[in-house]
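Survey of secondary and tertiary structure
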2 protein chains.
Amino acid sequence: MDFSIRAANVDDCKDVARMNMELAEYEKVTEQVTITQRDLEQDGFSKNPFFHCVIAEVPQQHKSKDGHTKIGFALYFYSYSAWRGRAIYMEDLYVMPEFRGKGVGKALMSKVAQLGLAAGCTQLNFTVLETNRSSVDFYLRRGCSDVTSEMGYHFMSCCGDAMRQLAQP
Amino acid sequence: MDFSIRAANVDDCKDVARMNMELAEYEKVTEQVTITQRDLEQDGFSKNPFFHCVIAEVPQQHKSKDGHTKIGFALYFYSYSAWRGRAIYMEDLYVMPEFRGKGVGKALMSKVAQLGLAAGCTQLNFTVLETNRSSVDFYLRRGCSDVTSEMGYHFMSCCGDAMRQLAQP
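Just so we're clear, the structure is a prediction, and the values are computed from it rather than from any experiment.

**Details of the relation of the copies chain A and chain B**
For the pair chain A and chain B, the superposition axis carries a translation of 0.0 Å, the fit reaches an RMSD of 0.0 Å, and the rotation angle comes to 180°. Classification of the inter-copy transformation places it as that of a two-fold axis. Both copies present the same face, since 100% of the interface residues in chain A are matched by interface residues at the equivalent positions in chain B.

Given below as structure tokens:
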């Protein structure tokens, strides 16, 4: 299948917001999504952006049933390991169901790895739902390690009232 | 105990590198530490830094047995959730053993939460070794959730040859 991978620009936010919601529907957590197209535009495409994004696109003649040509994305940002230095974090990787199994996910992830290496990063990190076995297997086949299972690292989060409470001096 | 929390500057990198190594010794993983003082200077204090850092400092009269006045740090960076937007990630939190139990760790984490809220972040994320029960309990008491235990998110990493392999188009 003919597709291309390129850096996202502000005009892609509408499609990223749409695919973001498709992914949330797939994982049955739409009520957790508070991010809008406007947020993505502001947070990803102003000075000192909070994230970067790459887009997978097909030519018009291969558009989706609903008429979309932007059919996948990976959202990432640069991060850091106090022990191993520069790292890149892939926050999201999504390919529309009708375009899966054609190498699009691999190509998106490959691009993120390339960008990380070019920036001097020595690791690519991300989280995955353990119950999403096809994704876990996809990543393990590509040489990724499950740091939670192998070393016992747990991902923790503090939000909302708990975060405001924590911020009290 | 009298101590202050402030933003780190490039002159603090020597002490951050020292404490970084103390933490690695505590967790018995010194062989995994490849980061030097020079790396910290370059990665944290040039244009578009990969991380930010806050330092805990005591006055000269309360210096450590070895003569140190910089006695703790938290290393953090801004990150993003595709569903909930702006986030802050605390990569490391360390207080020298002889200064523990005096609120320094809480004050460092509190400062990171404050900086996150000021930047519009709605969550503070981090990882912790599950076997480090005193740390896990410290965080749970402060309202943090264990996303790995509660939702099944696993932290994955791809480094070295696997990352270079992944980057092959």
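**Considerations on the interface of chain A and chain B**
At the interface, 76 residues of chain A touch 76 residues of chain B. For the chain A and chain B pair, buried surface summed over both sides reaches about 6900 Å², with 61% attributable to carbon and sulfur atoms. When the buried area of chain A at its contact with chain B is split by residue, Tyr80(A), Trp83(A) and Met156(A) rank highest and sum to 15% of it. On the surface where chain A and chain B come into contact, there are two salt bridges. The partner of Arg86(A) in a salt bridge is Asp43(B), and the shortest N-O contact between them spans 2.7 Å. Between the two partners, chain A and chain B, sit 44 residue pairs in polar contact (both at pLDDT 80 or more). Of the residues that constitute the side of chain A that touches chain B, the class distribution is 40 nonpolar, 24 polar and twelve charged. Here two bridges tie strand β7 (residues 153-159) of chain A to strand β6 (residues 145-146) of chain B, and the two strands are oriented antiparallel to one another. In the sheet register, Ser157(A) faces β6(B), and the bridge partner there is Ser145(B).

**Points about the packing of helix α1 (residues 13-26) of chain B against helix α2 (residues 37-44) of chain B**
Between two packed helices, what matters for the description is the angle formed by their axes and the separation of those axes. All names here are of chain B. For the pair α1 and α2, the least separation of the axes is 8 Å and the interaxial angle reads 120°. Considering their axes alone, α1 and α2 lie oblique with respect to each other. Every pair of crossing elements has a handedness; the one defined by α1 and α2 is right-handed. For the pair formed by α1 and α2, the contact residues are Cys13, Lys14, Val16 and Ala17 on the first element and Gln37, Leu40 and Glu41 on the second. Per-class residue counts for the contact of α1 with α2 are four nonpolar, one polar and two charged.

**Let's talk about the pattern of salt bridges**
Residue and element names in this part refer to chain B. If you walk through the whole model with that rule in mind, you get 18 salt bridges over all chains. The shortest N-O distance in the salt bridge between Asp12 and Arg6 comes to 2.8 Å. A relative accessible area of 24% places Arg6 in the partly exposed class.

**Structural notes on the environment of Asp15(B)**
Residue and element names in this part refer to chain B. One can find Asp15 in helix α1. Since its relative accessible area comes to 14%, Asp15 is described here as buried. Placed 120 residues apart in sequence, Asp15 and Ser135 show a C-alpha to C-alpha distance of 22 Å. Look past the residues within four positions of Asp15 in its chain and what remains in contact with it is His68 and Lys70.

The rules we used
- Residues numbered from 1 in each chain as written.
- Chains lettered and ligands numbered in written order.
- Predicted model: local features only at pLDDT ≥ 70, side-chain atom pairs only at ≥ 80, totals over all residues.
- Heavy atoms only, no water.
- Least-squares fit on C-alpha atoms with pLDDT ≥ 70 in both.
- Contact = heavy atoms within 4.5 Å.
- Buried area = accessible area lost by both parts, 1.4 Å probe.
- Salt bridge = Lys/Arg side-chain N within 4 Å of Asp/Glu carboxyl O.
- Polar contact = N/O pair within 3.5 Å; in protein donor to acceptor, adjacent residues only side chain to side chain.
- Nonpolar A, V, L, I, M, F, W, Y, C, P; charged D, E, K, R; others polar.
- Pairing = 2+ DSSP bridges.
- Helix = DSSP H or I, 4+ residues; strand = E, 2+ residues; numbered from the N terminus.
- Axes fitted to C-alpha atoms, helices over the stretch in contact; angles between N-to-C directions.
- Parallel < 35°, antiparallel > 145°, perpendicular 65-115°, else oblique.
- Left-handed = near helix turned anticlockwise from the far one by under 90°.
- Buried < 20%, exposed > 50% of the residue type's maximum accessible area, 1.4 Å probe, protein only.

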